[in-house]
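Coordinate inspection notes
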Amino acid sequence: MLPTQGPTPVTRFRRTRQSPAIRALVAENTLTAADLIWPVFVRDGVGVTEPVASMPGVNRLSVDRVVDAARMAADLGIPAICLFPYTDPAKKTRDCAEAWNPDNLSNQATRAIKAAVPGIAVMTDVALDPYNSDGHDGFFDNGRILNDETVAALVKQALSQAEAGADIIGPSDMMDGRIGAIRSALEGAGHKDVLLLSYAAKYASAFYGPFRDAVGASGALKGDKKTYQMDPANSDEAIRLVARDLAEGADMVMVKPGMPYLDICRRVKDAFGAPTYAYQVSGEYAMIRGAALNGWIDGERAMLESLMSFKRAGCDGILTYFAPEAARLL
Ligand code: PBG
């Protein structure tokens, strides 16, 4: 039961808002660089910084430039960087073998970062879409996703990422059973300290559009991802998915996208108290950045306000393309 508030003037809420000092004393949440995970796009080549058209300010970086980016992020106090490869279309196949190639772009970047900037945590993505000529996160046959065959491939992919030195593995594929399968494979291979950050409540969202451009998956995708990603109408299902993934061995869980799903963040945090993250996805970034570039909103303030909303909703951290910019301001 909340205490009853006296009538004005016994209670004047404006007393606690009167100055920056008093506002700081009563602030319920804080946002710091330590709350941020920075997703970056990796491409081949040397010395390459290639802008992503639908995400102004975001680039695809060659491995040497990703190492520079990781160093900058570490200097800004950002604890983790998350790698997404842009794969040469010629290496995309139906069997997705590039996904577990020890020398694929993601694994090259992981090794290079761990060698040069050991203090930053490297997170990697488990899903077949960057390597799949069908554009899906799993094997696709006759219009259907093959769940269990995909899980076997995801295990190989996750093991190759752990071998390369990934600290945190993020399965984003939404196949059933992948967390348990990956966890037991990691234990079996001696990777007992590798963290699993499950994309547990990932919705089939229009807000991923710019990301699919960034990793070159837009053109390839056949149909949509509604048979594996969640229906935006559902909320109880998200709780059941998080419960399942925690039981199967996830150390941390994610809600994705972010701002349209703050209610899910709050429910997940309240229900489990587990380390909970939101992914402020590419479309959310593009909306804020696009409006700011048009002079329609104050970009810096909108960015920080959006990031604070995740902390208020109970998240322990946020994956955001704004990470370095936000860290500089914080
Ligand atoms: C796919 C994946 C997606 C994102 C991260 N991993 C896109 C999708 O599910 O189609 C989206 C991230 C973003 O939009 O910023 N495995």
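Details of the structure are given in the entry above.
Residues numbered from 1 in each chain as written. Predicted model: local features only at pLDDT ≥ 70, side-chain atom pairs only at ≥ 80, totals over all residues. Heavy atoms only, no water.

1. What about the site of the ligand?
We apply this condition: When at least one non-hydrogen atom of a residue lies within 4 Å of a molecule or strand, that residue is treated as near it. Polar contact is defined as a pair of N or O atoms within 3.5 Å, subject to the rule that within protein one atom must be able to donate a hydrogen and the other to accept it, and that residues adjacent in sequence are counted only when both atoms are side-chain atoms. Computed by Shrake-Rupley with a 1.4 Å probe, the accessible areas treat only the displayed protein chains as cover when residues are assessed. Of the grid points, spaced at 1 Å and generated over the protein atoms alone, those admitting a 1.4 Å probe that cannot get out make up cavities, while open sets with protein on both sides within 12 Å along at least five of seven lines make up pockets; any residue with an atom within 4 Å of a point is treated as lining. Assignment to a cavity or pocket requires that more than half of a molecule's atoms be within 2 Å of the site's grid points. Think of it as three bins: nonpolar holds Ala, Val, Leu, Ile, Met, Phe, Trp, Tyr, Cys and Pro, charged holds Asp, Glu, Lys and Arg, and polar takes everything else, Gly as well.
Near the ligand lie 18 residues; those nearest to it are R212, K225, K256, S282 and Y321. Interatomic distance of 2.8 Å between a side-chain N/O atom of S172 and a nitrogen atom of the ligand. A distance of 2.6 Å is found between an oxygen atom of the ligand and a side-chain nitrogen or oxygen belonging to R212. Protein contacts shield 100% of the accessible area of the ligand, which totals 410 Å² for the unbound molecule. In a pocket analysis with a 2 Å cut-off to the grid points, the ligand is assigned to the largest cavity. Residue composition of the shell around the ligand, by class: eight nonpolar, three polar and seven charged.

2. Observations regarding the pairing of strand β5 (residues 121-126)
Note the cut-off: Exposure categories follow from relative accessible area, calculated using a 1.4 Å probe and restricted to protein chains: below 20% of the type maximum is buried, above 50% is exposed, and the middle band is partly exposed. The helix count covers DSSP runs of H or I at least four residues long, the strand count covers runs of E at least two residues long, and both are numbered beginning at the N terminus. DSSP bridges decide pairing: two strands pair if at least two such bridges lie between them. Assignment of crossover handedness uses the view with strands pointing away from the viewer, where a clockwise path from the first strand over the helix to the second indicates a right-handed crossover.
Burial of β5 is extensive: five of the six residues sit out of reach of the surface. Bridging between strand β4 (residues 80-85) and β5 involves four bridges; their strand directions are parallel. Its bridge partner lying in β5, A80 is registered against A121. Regarding topology, helix α3 (residues 105-116) serves as the crossover connection from β4 to the parallel β5, and that connection is right-handed. As paired strands, β5 and strand β8 (residues 168-171) are joined by four bridges and run parallel to one another. Bridge pairing links D125 to G170 in β8.

3. Overview of empty space enclosed by the protein
Defined as follows: Grid points are joined across faces, edges and corners, and a volume is the space filled by probe spheres set on the points.
Inspection of every chain in the model, using the stated rule, returns two cavities of 30 Å³ or more. Roughly 100 Å³ of volume is contained in the largest cavity. Lining the largest cavity are F84, D125, D129, D137, S172, K202, Y208, F211, R212, K225, Q229 and K256. Across the lining of the largest cavity, the residue classes tally to three nonpolar, two polar and seven charged. Of the pockets and cavities examined, the second largest cavity occupies roughly 30 Å³. Around the second largest cavity, the lining residues are F84, Y208, F211, K256, Y279, V281, S282 and Y321.

4. A word on the state of the cysteines
Note the following rule: Two cysteine sulfur atoms form a disulfide, by the criterion used here, when they sit within 2.5 Å.
Under the counting rule described, the total for this entry stands at zero disulfides. A disulfide-free cysteine, C265 has its sulfur positioned 3.6 Å from the sulfur of C315, the nearest such atom.

5. Some remarks on the packing of α3 against helix α4 (residues 147-164)
The condition is simple: Only the contacting stretch of a helix is used when fitting its axis, a line to C-alpha atoms as for every element, and angles between N-to-C directions run 0 to 180 degrees. In what follows, roughly perpendicular refers to angles from 65 to 115 degrees, roughly parallel to angles under 35, roughly antiparallel to angles over 145, and oblique to any angle outside these ranges. Handedness of a crossing follows from how the near helix is turned relative to the far one, being left-handed for an anticlockwise turn of less than a right angle and right-handed for a clockwise one. Between two residues, a contact is recorded if the distance between any of their heavy atoms is within 4.5 Å.
As a packed pair, α3 and α4 sit with axes 8 Å apart at the nearest point and diverge in direction by 25 degrees. Here α3 lies roughly parallel to α4, going by the angle between them. The chirality of how α3 crosses α4 is right-handed. Residue-level inspection shows N107, T110 and R111 of α3 in contact with α4, the latter providing S160, Q161 and A164. Along the lines of polarity and charge, the residues of the contact of α3 with α4 split into one nonpolar, four polar and one charged.

6. Thoughts on the nonpolar core
Under the convention used in this document: Residues enter a nonpolar core if they are buried and are Ala, Val, Leu, Ile, Met, Phe, Trp, Tyr or Cys, with the set joined through side-chain atoms within 4.5 Å.
If you look at the biggest cluster of nonpolar residues, it comprises 101 residues, and the most contacted ones within it are F41, I113, M123, I169 and Y279. With near-sequence residues (within four places) excluded, F41 lies in contact with M55, V58, N59, R60, L61, F84, F211, A214, V215 and Y321.

7. Topic: the packing of aromatic side chains
For the record, the criterion: Only centres within 6.5 Å qualify two rings of Phe, Tyr or Trp (six-membered ring in Trp) as a pair; their planes then separate them into stacked at under 30 degrees, edge-to-face at over 60, and tilted for everything else.
Tallied over the entire structure, the rule returns 10 aromatic pairs. A ring pair is formed by Y279 and Y321, whose centres lie 6.1 Å apart and whose planes are at 45 degrees; its orientation type is tilted. Here Y279, found in strand β11 (residues 276-280), pairs with Y321, found in the loop between β12 (317-320) and α11 (323-329); they are 42 residues apart in sequence, far enough to count as distant. For the pair Y279 and Y321, one class covers both residues: buried. Here the aromatic cluster, defined as three or more aromatic residues joined through ring pairs, consists of F41, F84, Y199, F211, Y279, Y285, Y321 and F322.

8. Some words on the side chain of K256
For clarity, the cut-off: For this count, His and the chain ends are skipped, Lys and Arg are scored as positive, and Asp and Glu as negative. Each reported salt bridge corresponds to a side-chain nitrogen of Lys or Arg within 4 Å of a carboxyl oxygen of Asp or Glu.
Considering the arrangement of structural elements, one finds K256 in strand β10 (residues 252-256). It turns out K256 is buried and unbridged, and the closest side chain with the opposite charge, D125, is 6.0 Å from it. Among residues more than four places away in sequence, those in contact with K256 are Y199, A201, K202, Y203, Y208, Y279 and V281.

9. Some words on unusual backbone geometry
Of note, the amide linkage connecting T8 to P9 takes the cis form, showing an omega dihedral of 10 degrees. Counting through the fold element by element, P9 comes out in the segment before α1 (20-26). A cis amide bond links K256 to the next residue, P257, at an omega of -10 degrees. In this fold, P257 is placed in the loop between β10 and α8 (262-272). A positive phi is found at C96, a non-glycine position, where the angle reads about 55 degrees. With respect to the helices and strands, the residue C96 is situated in the loop between β4 and α3. Positive phi, close to 50 degrees, is recorded for N142, a residue that is not glycine. Position of N142 among the secondary structure elements: in the loop between β6 (140-141) and β7 (144-145). Assessed through its relative accessible area of 74%, N142 is described here as exposed.

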